[in-house]
Amino acid sequence: MQSLDAGRIPVILGGCGSGLTSLLLRLEQTLGPGRAQYLDMAAAATTPERCLAAVLAVSRLRGTSGTSTDAGAGTDRAFVALLDYFDAASDADQPATFLLDEFLDVRTFESFPGLRHVQLDLITRLAASRTRFVLTSRFTARVHRLLRDAPARFEVIHIAPLDDAEVESLLEHMSRGRRLRMGDTAAVVSALTGGHAGTAHLLLAAVGSSDAAVDVTRAMAHGFAPDGALTAHWRGCYEFRLHRARGYGALKAILGILAETEGLTLTHIAHHLQRTPGSTKDYLSWLEDVDLIVMHGKRYSYTEPLLRLFVRLYGKPVPPSADDVRREVADYARPRLPASRTHAGAGAPAVEPAADPSRSGIIEID
């Protein structure tokens, strides 16, 4: 709210399941339905004409200024009409606020004639509008690149992971008064999920709905079963990001390689992929573009450790067995929990550490 009141445009970034949509819907209620309108641009951005018609059909905000909103005027004119509508929705004495979820999805319009720089056109118009906006996206790298030379009105805000106290509060709400050891359980859930809101919520749902004492790591293993809620969540995140990137098959191969051994360099990934360093570097940049991997000191790893766990379990031609799931979840949990918090139900045989890739004899290429 402070950003809006100061005339800035908040751009809120978070991963899959980080609560972006819930945040915008709460903000819509706070501002009031007569002053704010939530719009899911991922759903609306089909063709420019249909997008304009869909927005006009649901939006409650109508300003006094006249504007052309003819959805049948052609692709480029329909997009301009949408931006004109955003401007016209604000009265002089009462600015409207549009809450645009997944605003980058207007990029789909760039496949239509006359629309080649839609995202740049969008942020240029929003920056100059008297209407207020809150934008969200699940693509951190793409937003930072888009806003690199944007007007100073845009303020990038990263959603922070849940801390232990927030996880405990959520657990207390979801457990409906059951007597759980809130502090211990919340701390374990927070450590295992890294404060990831969507995963924490699913894991807490399993803990809070049980009629018996729950081993959190055992509940996590249950969630990563083939039909488990955590599996469904991370499969959705995996497919969502891969489908927004180029080079689908090769990118899956690289994610499989990094699922086996993280911290590999470009040279070692190219060797495992059996492709040239040049083409491998392109693939890696496409994975970075959709926030699936990150590079530190020339070594690549997953942005989300839980996604790596999912790929280790489900990046094979056959689903994992119950023993596979228990072992992988235990290996994931072990370094994240103090020994005093490692539950008996999560135990698994130790896994030999992966060989140091620096000793493979491969000549390093930057």
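Look a little higher up for the structure.
Cut-off values and rules
- Residues numbered from 1 in each chain as written.
- Predicted model: local features only at pLDDT ≥ 70, side-chain atom pairs only at ≥ 80, totals over all residues.
- Heavy atoms only, no water.
- Helix = DSSP H or I, 4+ residues; strand = E, 2+ residues; numbered from the N terminus.
- Buried < 20%, exposed > 50% of the residue type's maximum accessible area, 1.4 Å probe, protein only.
- Contact = heavy atoms within 4.5 Å.
- Areas by Shrake-Rupley, 256 points an atom, 1.4 Å probe, with all protein chains shown as cover.
- Phe/Tyr/Trp six-rings, centres within 6.5 Å; stacked < 30°, edge-to-face > 60°.
- Lys NZ or Arg CZ within 6 Å of the ring centre and 35° of its normal.
- Axes fitted to C-alpha atoms, helices over the stretch in contact; angles between N-to-C directions.
- Parallel < 35°, antiparallel > 145°, perpendicular 65-115°, else oblique.
- Nonpolar A, V, L, I, M, F, W, Y, C, P; charged D, E, K, R; others polar.
- Expected span 1.5 Å × (residues − 1).
- Arc of directions from axis to C-beta.

Colleague: Describe the overall build of the chain, listing the residues and the values that go with them.
Modeller: What the chain contains, in helices and strands, is 17 helices and eight strands. Counting across all 366 residues of the chain, residues that qualify as buried make up 45%. Across the chain, contacts joining residues at least 24 apart in sequence account for 70% of those joining residues at least 6 apart. Summed over all atoms, the accessible surface of the chain reaches about 18000 Å², with 52% contributed by carbon and sulfur.

Colleague: For the packing of aromatic side chains, give the residues involved together with the corresponding values.
Modeller: Summed over all chains, the structure comprises ten aromatic pairs. An angle of 45° between the planes, with centres 6.3 Å apart, marks the rings of Y85 and F86 as tilted. Grouping residues by exposure puts Y85 and F86 together as buried. Ring geometry for F310 versus Y314: centroids 5.3 Å apart, planes at 25°, classification stacked. Taken together, the residues F310 and Y314, both in helix α16 (residues 305–314) and four residues apart, mark about one turn of the helix. Accessibility assignment for this pair places F310 and Y314 in one class, buried. Linked through ring pairs, Y85, F86, F98 and F133 together constitute an aromatic cluster. Sitting over the ring of F139, R142 keeps its end group 5.1 Å from the ring centre. Sitting above the plane of the Y314 ring, R235 keeps its charged end 5.4 Å from the centroid.

Colleague: Would you mind going over the packing of helix α13 (residues 248–260) against α16 in detail, with residue names and values included?
Modeller: As a packed pair, α13 and α16 sit with axes 9 Å apart at the nearest point and diverge in direction by 100°. Between α13 and α16, the angle is such that the two are roughly perpendicular. Contacts between α13 and α16 involve L255, G256, L258, A259 and E260 from the first element and R308, V311 and R312 from the second. Residue composition of the contact of α13 with α16, by class: four nonpolar, one polar and three charged.

Colleague: Which residues make up helix α2 (residues 20–31), and what values go with them?
Modeller: Compared with an ideal rise of 1.5 Å per residue, which puts twelve residues at 16 Å, α2 spans 17 Å between its outermost C-alpha atoms and is within 8% of the ideal. Inspection of α2 places L20, L24, L27, E28 and L31 among the buried residues, and these make up the whole buried set. Along the axis of α2, the buried residues cluster in a sector spanning 105°; they form a single face. Pointing more than 90 degrees away from the buried face of α2 are the exposed residues R26, Q29 and T30. Immediately beyond the C-terminal end of α2, within one or two residues, lies G32, with a positive phi of roughly 100°.

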